[in-house]
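Below are the chains, spelled out letter by letter.
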Amino acid sequence: MKEKIKSDELVLSVKQLIQESRSRVAVAVNAEITTLYYEIGKRINDEVLRHDRAEYGKQVITQLSANLSLEYGNGWSEKQLRHCMHFANVFPDSSIVSALRRQLSWTHLKLLIYIENDLKRDFYIEICRLENWSSRQLQERIKSMLFERTAISKKPEETIINDLNLLKTKQKLNPDLVFRDPYFLDFLGLKDAYSEKDLETSIIVELQKFITEMGSDFAFLARQKRITVDNSDYFIDLLFYHRRLKCLVAIDLKMGAFESAFKGQMELYLRFLEKYEQVEGENAPIGLILCTGKTEEHVELMQLDKSNIRVADYLTELPSQALLQDKLHRAVEIAKQKLTAT
């Protein structure tokens, strides 16, 4: 029996060594491929720029694609060469590519290089690295307009650059990069009339998908967390812990639009958590009120940020892409106009 146990342990340890080796090889291969595509793109761009003729550029790409395909087979289409050229144009500084090539695959980079806004692209690069997204997850986040849904998108460009730089160089994460508005909860399958209990239950059933929408650093702690104050019981709908922010996150689920009374309720939860649940080394807890609507002036007058409280809408059914895009862009513009006015 002991010999079989040792044999099983040996098999597992050898398998682990093989998997680790394969992972290292995969990273090294991806890094070399990414560097190759970058250098090819840079070389073609230099050649085309030297002749300064668009027609010449087309001829070069067509001829080069034909020659490479003949010599090396599939994978060197004109489209692929144009990807390489665009890659080199977007990242003229090779040191940036050198840093990215071991963390993001070529599939990731192909998605990122076609994001025109530099700040938006940097946001997706840093959060993708932070949360270790697959290329499919990255594509879904871009499609869902994650950048526009985070609080950081409504801040001045200087603030965005600073916060992304702190994340990149010091791994310091601003909550504005974490919390979103609105949250997409269409995966819960809730239609027409439903109660707060239905919403809460559906979130627990689809907890993994909920955490995916919230962000991978959220860890679930409790549902209907009971707290007792002066012999009165209160219940926090959902309690999470955020690993990188190092704080508890209390979530209150509301069926209707935001009301001023919600603030006092959440403040009670946060002060209780701060006094009785927060441990040494943790930051102050954050409250997140999820509701089906809010007015910006109402939220602004409540000065929720001073109480470490955030309010966000949640959508159980997704609007059209055009409608969502219009809504988020207007929200960003309004926020920036207010910042300019102050």
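Reading guide: rules and limits
Residues numbered from 1 in each chain as written. Predicted model: local features only at pLDDT ≥ 70, side-chain atom pairs only at ≥ 80, totals over all residues. Heavy atoms only, no water. Helix = DSSP H or I, 4+ residues; strand = E, 2+ residues; numbered from the N terminus. Buried < 20%, exposed > 50% of the residue type's maximum accessible area, 1.4 Å probe, protein only. Contact = heavy atoms within 4.5 Å. Pairing = 2+ DSSP bridges. Axes fitted to C-alpha atoms, helices over the stretch in contact; angles between N-to-C directions. Right-handed = clockwise from strand over helix to strand, strands pointing away.

This part covers the environment of L290. Structurally, L290 can be placed in strand β5 (residues 286-291). Accessibility expressed as a relative area gives 0% for L290, which makes it buried. Sequence spacing of L290 and N174 is 116 residues, and the spatial spacing of their C-alpha atoms is 20 Å. For L290, the contacting residues outside a window of four places in its chain are Y183, I251, D252, L253, K254, A312 and Y314.

On to the sheet that holds strand β2 (residues 218-229). Read from one edge to the other, the open sheet built from six strands follows the order β1-β6-β5-β4-β3-β2, with strand pairing classed as mixed. For this open sheet the edge positions go to β1 (183-184) and β2, each flanked by a neighbour on one side alone. Helix-sheet contacts for helix α10 (residues 196-205) involve β2, β3 (232-242), β4 (247-253) and β6 (309-315), and the interaxial angle to β2 is about 140°. Against the sheet, helix α11 (residues 207-214) makes contact with β1, β2, β3, β4 and β5, and its axis sits at roughly 65° relative to β3, the strand it touches most.

Moving on, we get to the pairing of β5. Most of β5 is tucked away, with six of its six residues classed as buried. Burial along β5 is two-sided: I286, L288 and L290 and G287, I289 and C291, pointing in opposite directions, are all buried. After leaving β4, the chain enters helix α12 (residues 261-277) and then returns to the sheet as β5, a path that is right-handed. Here β5 pairs with β6 via five bridges, running parallel. Its bridge partner lying in β6, C291 is registered against D313. In this region the chain leaves β5, passes through helix α13 (residues 296-301) and returns to the parallel neighbour β6; the handedness of that crossover is right-handed.

Shape is all these values report; function is a separate question.
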